[in-house]
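The chain contents come next:
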Amino acid sequence: MEFPLDLSGSAYRDVPFEEKERLLDEVKSDLRFQDVMYGCYECGICVAACPSARFYDFSPRVIAQAVAREDADLVYTLMNDSIWDCSQCFSCDRCPRANSPGGLITIMREVAVNNALQTARKALEGYERIIYKIMSTGTQVSPDMLQPDAFPDWGTHVHEIADNLEIWRRALPPETLHTTETGWSIDDKTIIELYLIWHMTGVMDMIKGVDEGLFMILVDVMEERLEEAGYDVEFE
Amino acid sequence: MSDFIPLDVINGGARGRKFEWDTARAPTEDYHDAVLQLEKEGEWEVQRVPEPYIEVNTRYGRVKRIPIERTWHHKSCGQCGHIPGYSTSIYWLNRKLGLDYLDPKDQTSCTAWNYYASATSNPAAQASVAMRNFAAAAETDYFPIIHCGTSFGHYKEVRHELIHHHELRRKVRDVLSRLGKKLVMPEEIVHYSEWVHVMRHRFAELQTIDMSHITATVHPACHYHKLEAEDAIYDPEIYGAQRTAVITGTLQAIGVNVADYSSWYDCCGFGFRHILVSRDFSRSFAVQRKIEVMKEEVNPDVTVTHDTGCVTTLDQSQFAGQAHDRKVGIPVMSDSQMAALAMGAHPYKVLQLHWHNTNNKPFLEKLGIDQAQKWAEFEAACDKLKSGEKKYLTWEDADA
């Protein structure tokens, strides 16, 4: 990411204006758009409440204004250089105009992924294992992810957990928590239903666009289990 | 310790102002009306809150029903995976009161952590995941209670979207139908900390550890009280109904002195994607905007919150802060862990504090708990697992 953020709207000159307008229209046509964007007083309350604005060259106000003004050039710049800094905490929902800049950014991120923009591919670098875990197992983080090389900044206790993981999991009274590879014990039938949801709602197509390697791995895992369960499902 | 802001100032007491609800002036629609109207129109079934329940008020004074038992525990990835004493304490509280609950295996994550982090999903998928879990709960006739603040907030978003967008309802109903499931919306979407809140006086009746000399700060979770903000518990007796009452109400019921700090509204720094792949931001925010502010303004014995990401970020970030000589060193716990501790739960067999990072031994010692003895008891229990004498630690072992 370049600093400072270029807000002139003249970045990405090589991208046709029609393409930028198409992406802005995709944002505006999302069913949630009317709930998250009304206009903008330019009061800055969202910025005052925003954690990301304190540490990044990031402003929920600029994003709300750019979309409210339908400035396709600037919206395209923000979709590429800014939206992934948002914390998605929704502190900006304090907006007196009843906007939700955080909700708007959720939509903009989704459009970036749907269109396989370079910004989405870059943002997801290093994140593949998390997507793999949630989509293939139904729980996002698992006990065995607590490894010292993954969390060096969390100190020596991560070593201790990793070293004692299997025993410490068996020392948990709830029967569902004895697992190490998933957060809790999940029925096979439940996982199959989750795979069918990903298939029926187009999520696998989104993954294919931004990370074909991850898509192939997920297809291998899912098709095998679905086939075992008697489903004839193909991910194209 | 004497110069922090006393809570009665925030409560309005110092100015003689008494807050009163006026639901007629609520700026939002009442979701109850919409949920029940769609049931009348045959759009979905509504799973009623089972009796007995306790009624509380939400942000604009509307009434919310919180079930006492027959609860279906919608678990949290981060709690179960990395801070398992959090959920263990919730179950322990239920068991201590002899309440009927279900810990299901027919439950997936809400997948919202990934959604807010990577956007690799869409409204239809997110709503289908939510409604699959709700349908699974309804099939058991137990009522869903949500452990994670983000699951709670996201499911409220899903409810809003399904209420207002018939095309989305149609799509999700079709997905559920192909899974052999009905579209069932719970009458209320309930966060576990709301259950803790309404049960707080019963916990206090069973309290065995005095906490009147303990000072705590409270961090309300963003996705609890900012997402679909109306549906969170408020109480005129707590912050004059100007902040959510959960956590604070529980701590006050067990005698803890709750102290205010200026950055209470700030998030913890979790950031969803940041905590996994851009942790420099999470560490900096948690230490500089939360922990150091609490330390300078209050110097509490503990800080208490009610969400997975908040416990994780506030706790784990302090290690790096300590390495840089920042003002850190505040143990972090959930309200369920604090309530269980007050009722005599084992700090390692139940609260599982060895999964936490920041040093909590001085806090336990201040409560009169011999933490070295307790750790020795836990290690002895683990030795039985290692030797093969036992395969798992049971609830009976946890209370032995």
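Residues numbered from 1 in each chain as written. Chains lettered and ligands numbered in written order. Predicted model: local features only at pLDDT ≥ 70, side-chain atom pairs only at ≥ 80, totals over all residues.

A.B. asks: How do you make sense of the overall build of chain A when you look at a structure like this?
C.D. replies: Each helix and strand counted, chain A has 13 helices and zero strands in total. Reading the secondary structure of chain A in the N-to-C direction produces α-α-α-α-α-α-α-α-α-α-α-α-α. With the principal axes as the frame, chain A shows a C-alpha extent of 55 × 45 × 30 Å. The proportion of buried residues among the 236 residues of chain A is 47%. Across chain A, the fraction of contacts at a sequence separation of at least 24, relative to all contacts at a separation of at least 6, is 68%. (Helix = DSSP H or I, 4+ residues; strand = E, 2+ residues; numbered from the N terminus. Buried ≥ 20, exposed ≤ 12 C-beta atoms within 10 Å, placed from the backbone. Contact = placed C-beta atoms within 7 Å.)

A.B. asks: So what exactly am I meant to see when it comes to the sheet that holds strand β10 (residues 257-258) of chain B here?
C.D. replies: Strand-to-strand pairing in sheets goes through backbone hydrogen bonds, with the strands running parallel or antiparallel. All names here are of chain B. A sheet is described by the order of its strands in space; here four strands give the open sequence β10-β9-β11-β12, paired in parallel fashion. What marks the edges here is a single partner per strand, and that holds for β10 and β12 (332-334). When strand β9 (residues 215-219) meets strand β11 (residues 302-305), the two strands line up parallel, connected through four bridges. When the bridges of β11 are listed, Thr-217 appears paired with Thr-303. (Pairing = 2+ DSSP bridges.)

A.B. asks: What should I look at first to understand helix α12 (residues 203-210) of chain A in this one?
C.D. replies: Within an α-helix, residues lying three or four positions from one another point in the same direction, as the helix has 3.6 residues per turn. Every buried residue belonging to α12(A) is among Val203(A), Met204(A), Met206(A), Ile207(A) and Val210(A), and all of these are buried. Buried residues along α12(A) cover an arc of 155 degrees about the axis, so they all sit on one side. Packed against the buried residues of α12(A) are α7 (101-114), α8 (118-123), α11 (188-200) and α13 (212-228) of chain A together with α6 (123-140) of chain B. (Arc of directions from axis to C-beta.)

A.B. asks: Hey, could you run me through the pairing of β11(B) in this one?
C.D. replies: In regular strands, side chains alternate between the two faces of the sheet. All names here are of chain B. On β11, burial covers both faces: Val-302 and Val-304 on one face and Thr-303 and Thr-305 on the other are all buried. Where β11 and β12 come together, three bridges link them in parallel fashion. Within β12, the residue paired with Val-304 across the bridge is Met-333. A crossover connection joins β11 to the parallel β12 through helix α15 (residues 308-323); in handedness this β-α-β unit is right-handed. (Right-handed = clockwise from strand over helix to strand, strands pointing away.)

A.B. asks: What is the right way to read the nonpolar core from this model?
C.D. replies: One broad trend across soluble globular proteins is that nonpolar side chains are buried collectively. Among the nonpolar cores identified, the biggest contains 189 residues, and Val75(A), Met79(A), Leu104(A), Leu251(B), Ala339(B) and Ala340(B) are the most heavily contacted of them. Of the residues forming this core, the biggest block, eleven residues, is contributed by α6(B). Each of domain 1 (31-192) and domain 2 (209-376) of chain B gives at least three residues to this core. When neighbours within four sequence positions are excluded, Leu251(B) is seen to be in contact with Ala216(B), Val218(B), Val256(B), Val258(B), Val304(B) and Met338(B). (Core = buried A, V, L, I, M, F, W, Y, C linked by C-beta atoms within 7 Å. Domains from an automatic or database assignment.)

A.B. asks: Looking at this structure, how should I read the sheet that holds strand β6 (residues 143-146) of chain B?
C.D. replies: All names here are of chain B. Strand order in the open sheet formed by four strands is β5-β4-β6-β8, and the pairing between neighbours is parallel. The open sheet is flanked by β5 (101-102) and β8 (190-191), the only strands paired with a single partner. The pairing of β6 with β8 spans two bridges and is classified as parallel. Paired with Ile-145 across the strands is Val-190, a residue of β8. With respect to the sheet, helix α7 (residues 149-164) is in contact with β4 (71-74), β6 and β8, its orientation differing from that of β6 by roughly 120 degrees. (Axes fitted to C-alpha atoms, helices over the stretch in contact; angles between N-to-C directions.)

A.B. asks: Explanation requested: the packing of helix α5 (residues 60-68) of chain A against α7(A) in the structure shown.
C.D. replies: Helix packing for two helices is described by the angle between their axes and how far apart those axes are. Residue and element names in this part refer to chain A. At a minimum axis separation of 10 Å, α5 and α7 run at an interaxial angle of 65 degrees. When the axes of α5 and α7 are compared, the pair comes out roughly perpendicular. As α5 runs across α7, the sense of the crossing is left-handed. Facing Pro-60, Ile-63, Ala-64 and Val-67 of α5, the residues of α7 in contact are Pro-101, Leu-104 and Ile-105. (Parallel < 35°, antiparallel > 145°, perpendicular 65-115°, else oblique. Left-handed = near helix turned anticlockwise from the far one by under 90°.)

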